[in-house]
Amino acid sequence: MDGKRSSDSDVTARGRAWAQSVRVAIAVAVLGLTSAGSVFAQPVPAAPPDAPGQPEPPTVTAAAQPAVPAPVVVPPRPPRVQIHGFASEGAFASTANDYLGSAARGSLELFEGGINFSTEVAERLRAGVQLFARDLGALRDAAPRLDWAYLDYRWRPWLGLRAGVIRMPFGLYNEYVDIDAARLPILLPESVYPVRDRDVLLSHTGFSIYGSREIGGGGELEYQAWLGALTIEREALDVVGATLDSAQSKYVAGGQLFWHTPLDGLRVGATVLRTSIDFRLTLARETVAALIMAGYVAPSFDGKLVVSQRPDTLVVGSAEYARGDWLLAAEYSRWFKRQRTTLPALLPTFEEDGERFYAMATTRLAPRLETGGYYSVYHVDAGDRGGHDPRFTEPFHAFQRDLAATLRFDVNDHWLWKLEGHFMDGTASLPQLANPDPARYWGLFLLRTTVTF
Amino acid sequence: MARPGIHLLLTVCTAATLRAAADPIAATDGYKVVVNPGNPVTAVDRAFLREAYLRRATDWTGGEPIRPIDLATRFAVRERFAADVLRKTPAQLKRYWNQQIFSGKGVPPPEAESPAAAVAYVLGNPGAIAYVPIDADTGRAKVIGVR
């Protein structure tokens, strides 16, 4: 499920042009809306503002000043259609390895943008849609796509139903993985939230039910369950020596349960997700010829190949504690993959048990200044954390340990800057084709600014 | 026979307790909660208020949709209400709404530019609920208790 730099320059150029158009549109929208203020702002005569910590301004009533006409007070009228958006731009540089595909040791392309529209269609029934575009270094640019688009009927607090293209819960943050303003790190821990899997794991097309329920004095349970199919863009996948004809997800099903404990700010939970994907490929002519010459396939072999991941099962346990200016989070995840192909002699069936975990702490140093860091670990095979198996040409290809630190400065409620550094040991998350001889120890530095409205 | 000092202390404590029981808004941190005069509710607990303002509770007991309204961020009472009822700092609340907005799960309550505008909104919407500074004029809106 790795992304890659495409050899198809037309598609890349088209995606880049789309991203550029969306970037301009969002910038214009941001400038327009932030200068106009919040979409909630109404032309209501305002009372004198009071600074935080100061007493409220006394309310002067018409009765107290009978000689002065009472001011006309207009109640707020929420807009029928809510429009919100975000745009992030930045840069990154790696000290040694190509982080996002070939020739990507550094780039000024770290763009993500989205704009959404939502409205209350009827009582308890909401409809919304979000368009998203990105341009991340050499990672293949994605044309603007539907990030989510669904109907949401919340019948009761304990039962709601969504249908459409729906954000997929996984762990604490997968539903919010591209919302830079809603977190401290620029890159969420790569072990549990790999950036190259974003397009595959972010959303599904189908149904979900959700709700929350108080459990007496024992806190609250929050739950979601979903069934649908993944939407896998062809360009989201890393294929070399072949053409990807299609990537079909038979299904994706999952459930998530969080317990908001009686201790304020502490929640713990788990998510299970299971899917099945068939990748249909056509091998390149020279690859087919080489296979025939080597005797791996019959002379009549037409180059068609099906790679099936049946199933992929992802589980994650999560804990988060927010108290005052502090936020502590930790997650432990296992990704079980069983892969087989229609050419077992060439590509035998294999099973993989990836282990992923991290711990993160953030704190606010001042009202607009936040800092923090995390330590994130990815083992390709939980049974071989040291990389002793011969399939790892170097032991450090079997793991990646990432120590990261971030500084965030909020210029105002709609504009922020972030600076981040990563110190890596291992190369398991790197795109292998772009890094034939990677360095074990390397650093990654990122700068990003984001506006939201 | 109790000494006068202790007797006086007991009297003061008892009076304070009775006053708090009779005047539930005395327990709030500088705000009072108002609803439409047609709303039969006389008091709500903080858990309900929290669910309503985080847009997780949908209806009043009678089935009327809950329509909470916030005050603009420049009002200090907003921060006190968020700490006392929502149990969130301003930064936590901002993060929560960013997550809700950009994942499509919901949008925050509308904001009133003044307590008077919040009261006007409550008077114009049967299911509305607002908090205003404790000394604000609430007009015909109904002040309810907070448990």
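Now for a look at the structure at hand. (Residues numbered from 1 in each chain as written. Chains lettered and ligands numbered in written order. Predicted model: local features only at pLDDT ≥ 70, side-chain atom pairs only at ≥ 80, totals over all residues. Heavy atoms only, no water.)

Let's talk about the overall build of chain B
Of the regular secondary structure elements, chain B holds five helices and six strands. Secondary structure of chain B in N-to-C order comes out as α-β-β-α-β-α-α-β-α-β-β. Relative to its full complement of 147 residues, chain B shows a buried share of 56%. For chain B, restricting intrachain contacts to residue pairs at least 6 apart in sequence, the fraction spanning at least 24 positions comes to 72%. Entry remark: accessible area of chain B is about 6,300 Å², with carbon and sulfur atoms responsible for 59%. (Helix = DSSP H or I, 4+ residues; strand = E, 2+ residues; numbered from the N terminus. Buried < 20%, exposed > 50% of the residue type's maximum accessible area, 1.4 Å probe, protein only. Contact = heavy atoms within 4.5 Å. Areas by Shrake-Rupley, 256 points an atom, 1.4 Å probe, with all protein chains shown as cover.)

Digging into the nonpolar core
Membership of the largest hydrophobic core comes to 54 residues, with the highest contact counts inside it found for Tyr173, Tyr193, Tyr358 and Leu444 of chain A. Apart from the residues lying within four places of it in its own chain, the contact partners of tyrosine 358 of chain A are Leu172, Tyr173, Pro189, Ser191, Val192, Tyr193, Ala329, Ala330, Glu331, Tyr375 and Ser376 of chain A. Core analysis: the second largest hydrophobic core is formed by 40 residues, Ala82, Ala112, Ala117 and Val122 of chain B among them. (Core = buried A, V, L, I, M, F, W, Y, C linked by side-chain atoms within 4.5 Å.)

Here we look at the pairing of strand E15 (residues 399-412) of chain A
Regular strands have side chains that alternate between both faces of the sheet. Residues and elements named next belong to chain A. Pairing of strand E14 (residues 369-379) with E15 involves eleven bridges; the strand directions are antiparallel. Within the sheet, the bridge partner assigned to histidine 379 lies in E15 and is phenylalanine 399. Looking at chain direction, E15 and strand E16 (residues 415-426) are connected through twelve bridges and run antiparallel. By the bridge assignment, phenylalanine 409 is partnered in E16 with tryptophan 417. Linking two consecutive strands that pair antiparallel, namely E15 and E16, is a turn of two residues. (Pairing = 2+ DSSP bridges.)

Things to note about the sheet that holds strand E2 (residues 43-44) of chain B
Backbone-to-backbone hydrogen bonds pair the strands of a sheet. The strands run either parallel or antiparallel. Sheet architecture is open: six strands sit in the order E2-E6-E1-E5-E3-E4 (chain B), paired in mixed fashion. Looking at the sheet topology across the chains shown, the edges are occupied by E2 and strand E4 (111-112) of chain B.

Digging into unusual backbone geometry
Note the cis peptide between arginine 310 of chain A and proline 311 of chain A, where omega equals -10°. On the secondary structure map, proline 311 of chain A appears in strand E11 (residues 304-323). Its identity is not glycine, yet arginine 124 of chain A carries a phi of approximately 70°, on the positive side. According to the relative accessible area criterion, arginine 124 of chain A is partly exposed, its value standing at 25%. Unusually for a residue other than glycine, arginine 87 of chain B sits at a positive phi of about 55°. One can find arginine 87 of chain B in the loop between helix H3 (76-86) and helix H4 (90-102).

Section: the packing of helix H2 (residues 46-53) of chain B against H3 of chain B
All names here are of chain B. Look at H2 against H3: their axes get within 9 Å of each other, and the N-to-C directions meet at 120°. With respect to H3, the element H2 is oriented oblique. For the pair formed by H2 and H3, the contact residues are Arg46, Leu49, Arg50 and Tyr53 on the first element and Phe81, Asp84, Val85 and Leu86 on the second. (Axes fitted to C-alpha atoms, helices over the stretch in contact; angles between N-to-C directions. Parallel < 35°, antiparallel > 145°, perpendicular 65-115°, else oblique.)

Overview of the environment of leucine 151 of chain A
Residues and elements named next belong to chain A. You can see leucine 151 is positioned in strand E5 (residues 142-156). Overall, leucine 151 belongs to the partly exposed group, its relative accessible area being 44%. Residues leucine 151 and valine 165, 14 residues apart in the sequence, show an inter-C-alpha distance of 9.1 Å. Setting aside residues up to four positions removed in sequence, leucine 151 forms contacts with Leu125, Arg126, Ala127, Leu161, Arg162 and Ala163.

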